[in-house]
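# Close look at the chain arrangement
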Amino acid sequence: MTRRLALTLVAFAGTVALVPCSTHAQIRASERGGVSQTIDGTTIAIDYARPQARGRSELYGGEIPYGKIWTPGANWATTIEINKDITINGHALPEGKYSVWLQVGEGDWTAIFDPEPRRFHLMGPPPSDEQVRFAVSPQAAPHTEILTWSFHEVRPTGTTLRMAWGPRAVTFDIRVQPSRDLTVSADLASRYVGSYTLQLMGPFGDGQVSFDLVHENDRLVGHWENPPSPRLGEFWLISLGEGMFAAGELDDGELFDIVMDVIFEFSPYEGRATAFDLRVLGDALWGHGERR
Amino acid sequence: MLDLASTSRRGFVASLAAGVTGMLGVPRSKMAMEWCSPVSRATPGPHPDPRPDVDASNVLTTEQLERYSHVIDLYDGIRAIPHIADGIRCKCGCADLPDYRSLLTCFEGGGMARTCQICQTEGRVVVRLHKAGRTLDQIRAAIDARFGNG
């Protein structure tokens, strides 16, 4: 009996192994694609099917009739997923996953972000108070054969999301929530502003340079004579906690990177600072500043 | 030594890693495998309360650190303050491991402080600030400021 059962199982396993698996490999007219972008801890991910124009001359007002709600993609609706609240073209979009729709017209179009992400393209969502809707202006653009979502521009505080297909493109201005307060109050800054003599050590060198801290436009700004990186000639000190700052590198006066590997640690712990240490990973001391 | 006048930003950032490697006396190839970001990777959680009866009897000895001579002084420092190290949460991610209790755990048995840059840096900050007279709460605040609240 046991031998018979074993033979039956072997025969069944062989049959299963010979059945072709049709769902794992399939040629699709609009293959699925995706793109994501992280900015200051906020991740924005677009998942969509990518239709191709394939010589269709009239996409908008033709294949996609004016007034019809259309997902800028194909098959299952294009989705946007965000792990933190953002604003999109000035409209609040809470953390979550949404299906994305456009209602095209001869003039402005309407963008619709629906809280139900799993919708088939033929079943556009009915209007609801839970949707985020606003007008967008399509722009004439060089022909884009394959519908493409991209993060056209990336800034420290946001990004420009762009959808292009055929002769039109639509852009969305996305702003993220800053993960840190970059401002330093005048009261707090008064503990640190002034001129210091910075004694370098370790790989930074072994000389003395001048180091000045000023308070400008609610920022604590450092001026480093002969800095180890050109962008540290003038930089922001980003408060991490009591007496501790990271260097914020600037490009044209705008913050573009916070260097967490270099820490300015001021002393004494409370009151007006008289000195600071420059510490790197491993807590190694690469510089010591004394107030002049 | 860096040529301060001509170092590019890329060179500067690279020098941070390379310089630390050199200062610690660790071969670069080894270091590359163990390099971690100074930003927290741990699941957010509070600093633990130190156990009243905690001691340093399980902290690895100099003999046990034969292959890790560059951290012997650090282990000596932690061995002297188990009641402080036991009140600090490690930020490297090892706090998520099943037998983890505190930063002190990183310096015991198979703990990661022999090789992990974040365990080591946290340990050195804790030892230094305790020597400077900071309280446990002040040291915790400094650790959170430097490594994040994770």
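Residues numbered from 1 in each chain as written. Chains lettered and ligands numbered in written order. Predicted model: local features only at pLDDT ≥ 70, side-chain atom pairs only at ≥ 80, totals over all residues.

So, on to the nonpolar core. If you look at the biggest cluster of nonpolar residues, it comprises 63 residues, and the most contacted ones within it are A:A246, B:I78, B:C106, B:F107, B:C119 and B:V126. Sequence-distant contacts of A:A246, that is, excluding residues within four places in its chain, are made with A:I238, A:L240, A:I258, A:V259, A:M260, A:V262 and A:I263. In this structure, A:I39, A:W70, A:M163 and A:F172 belong to the second largest nonpolar core, which totals 27 residues. (Core = buried A, V, L, I, M, F, W, Y, C linked by C-beta atoms within 7 Å. Buried ≥ 20, exposed ≤ 12 C-beta atoms within 10 Å, placed from the backbone. Contact = placed C-beta atoms within 7 Å.)

All names here are of chain B. What helix α3 (residues 72-79) keeps buried is the set L74, Y75, I78 and R79. Taken end-on, α3 shows its buried residues confined to a sector of 140°, consistent with a single buried face. Its buried side turned inward, α3 meets α4 (82-85), α5 (103-106) and α6 (117-131). (Helix = DSSP H or I, 4+ residues; strand = E, 2+ residues; numbered from the N terminus. Arc of directions from axis to C-beta.)

To continue, consider α6(B). All names here are of chain B. Compared with the 21 Å implied by 1.5 Å per residue over 15 residues, the 21 Å span of α6 between its first and last C-alpha is a close match. Counting buried residues along α6, 11 of its 15 residues qualify, which places the element largely inside the surrounding structure. Of the positions making up α6, those classed as buried are Q117, I118, C119, Q120, T121, E122, G123, V125, V126, V127 and L129. One or two positions beyond α6, positive phi appears at G133, with a value near 95°. (Expected span 1.5 Å × (residues − 1).)

Across a regular strand the side chains alternate sides, sitting on one face of the sheet and then on the other. Residue and element names in this part refer to chain A. In this sheet, strand β13 (residues 208-216) lies alongside strand β12 (residues 194-200) in antiparallel orientation, the contact comprising six bridges. When the bridges of β13 are listed, Y196 appears paired with F211. Bridge count between β13 and strand β14 (residues 219-224): six bridges; the pairing is antiparallel. Within β14, the position partnered with L213 by the bridge is G222. Between β13 and β14, which pair antiparallel and follow one another directly, the connecting turn spans two residues, one of which, N217, has a positive phi of 50°. (Pairing = 2+ DSSP bridges.)

This brings us to unusual backbone geometry. Working note: non-glycine residues mostly have negative phi, and peptide bonds are mostly trans. Residues and elements named next belong to chain A. With an omega dihedral of 5°, the bond running from S267 to P268 counts as a cis peptide bond. One non-glycine residue, D40, adopts positive backbone phi at about 50°. Its place among the elements puts D40 in the loop between β1 (31-39) and β2 (42-50). Accessibility expressed as a C-beta count within 10 Å gives 15 for D40, which makes it partly exposed. The phi dihedral of N226 falls on the positive side, at around 55°, and the residue is not glycine.

Residues and elements named next belong to chain B. For chain B, the mean per-residue pLDDT works out to 80, and 71% of the residues sit at or above 70. Here helix α2 (residues 28-34) stands out as the element of chain B with the lowest mean pLDDT, 34, in contrast to α4, whose mean of 98 is the highest. Overall, residues 1-6 carries pLDDT values under 50, and its contacts beyond four positions in sequence, including any with other chains, amount to 13 contacts. Predicted confidence for residues 20-38 stays below pLDDT 50, and this span has 30 contacts to residues more than four positions away or in other chains. Overall fold confidence for the complex sits at a pTM of 0.73, while the interface term, ipTM, reaches 0.75. (pLDDT = per-residue confidence, 0-100.)

The next point concerns the packing of α3(B) against α6(B). All names here are of chain B. Relative to each other, α3 and α6 sit at 55°, their axes nearing to 9 Å. The orientation of α3 with respect to α6, classified from their angle, is oblique. Between α3 and α6 the crossing geometry is left-handed. Residues L74, G77 and I78 of α3 pack against Q120, G123, R124 and V127 of α6. Split into classes, the residues belonging to the contact of α3 with α6 amount to three nonpolar, three polar and one charged. (Axes fitted to C-alpha atoms, helices over the stretch in contact; angles between N-to-C directions. Parallel < 35°, antiparallel > 145°, perpendicular 65-115°, else oblique. Left-handed = near helix turned anticlockwise from the far one by under 90°. Nonpolar A, V, L, I, M, F, W, Y, C, P; charged D, E, K, R; others polar.)

A few words now on the sheet that holds strand β18 (residues 275-279) of chain A. All names here are of chain A. With respect to topology, eight strands assemble into a closed barrel ordered β12-β13-β14-β15-β16-β17-β18-β19, the strand pairing being antiparallel. Taking each pair of neighbouring strands and ignoring which way they run, the sheet shows an average axis angle of 35°. In the sheet, strand β17 (residues 254-267) pairs with β18 via five bridges, with the strands oriented antiparallel. The residue of β18 that forms the bridge with E265 is D277.

Now for the packing of α6(B) against helix α7 (residues 136-147) of chain B. All names here are of chain B. Remark: α6 packs on α7, axes separated minimally by 10 Å, with the N-to-C direction vectors making an angle of 145°. Crossing handedness for the pair α6 and α7: right-handed. For the pair α6 and α7, contact is made by I118, E122, V125, V126, L129 and H130 and by I139, A142, I143, R146 and F147, respectively. In terms of residue class, the contact of α6 with α7 is built from eight nonpolar, one polar and two charged.

This part is about the sheet that holds strand β10 (residues 139-155) of chain A. Residues and elements named next belong to chain A. The strand order across the open sheet built from four strands is β6-β5-β11-β10, with neighbouring strands paired in antiparallel fashion. Strand pairing shows two members of the sheet lacking a second neighbour, β6 (91-93) and β10, which therefore form its edges. Neighbour-to-neighbour, the strand axes of this sheet turn through a mean angle of 30°, independent of strand direction. Note: strand β5 (residues 86-88) against strand β11 (residues 158-176), three bridges, orientation antiparallel. Note on β11: the bridge partner recorded for I88 is I174.

All names here are of chain A. Positionally, P167 belongs in strand β11. Residues P167 and P142, 25 residues apart in the sequence, show an inter-C-alpha distance of 5.9 Å. Excluding residues within four positions of it along the chain, P167 makes contact with A140, A141 and H143.

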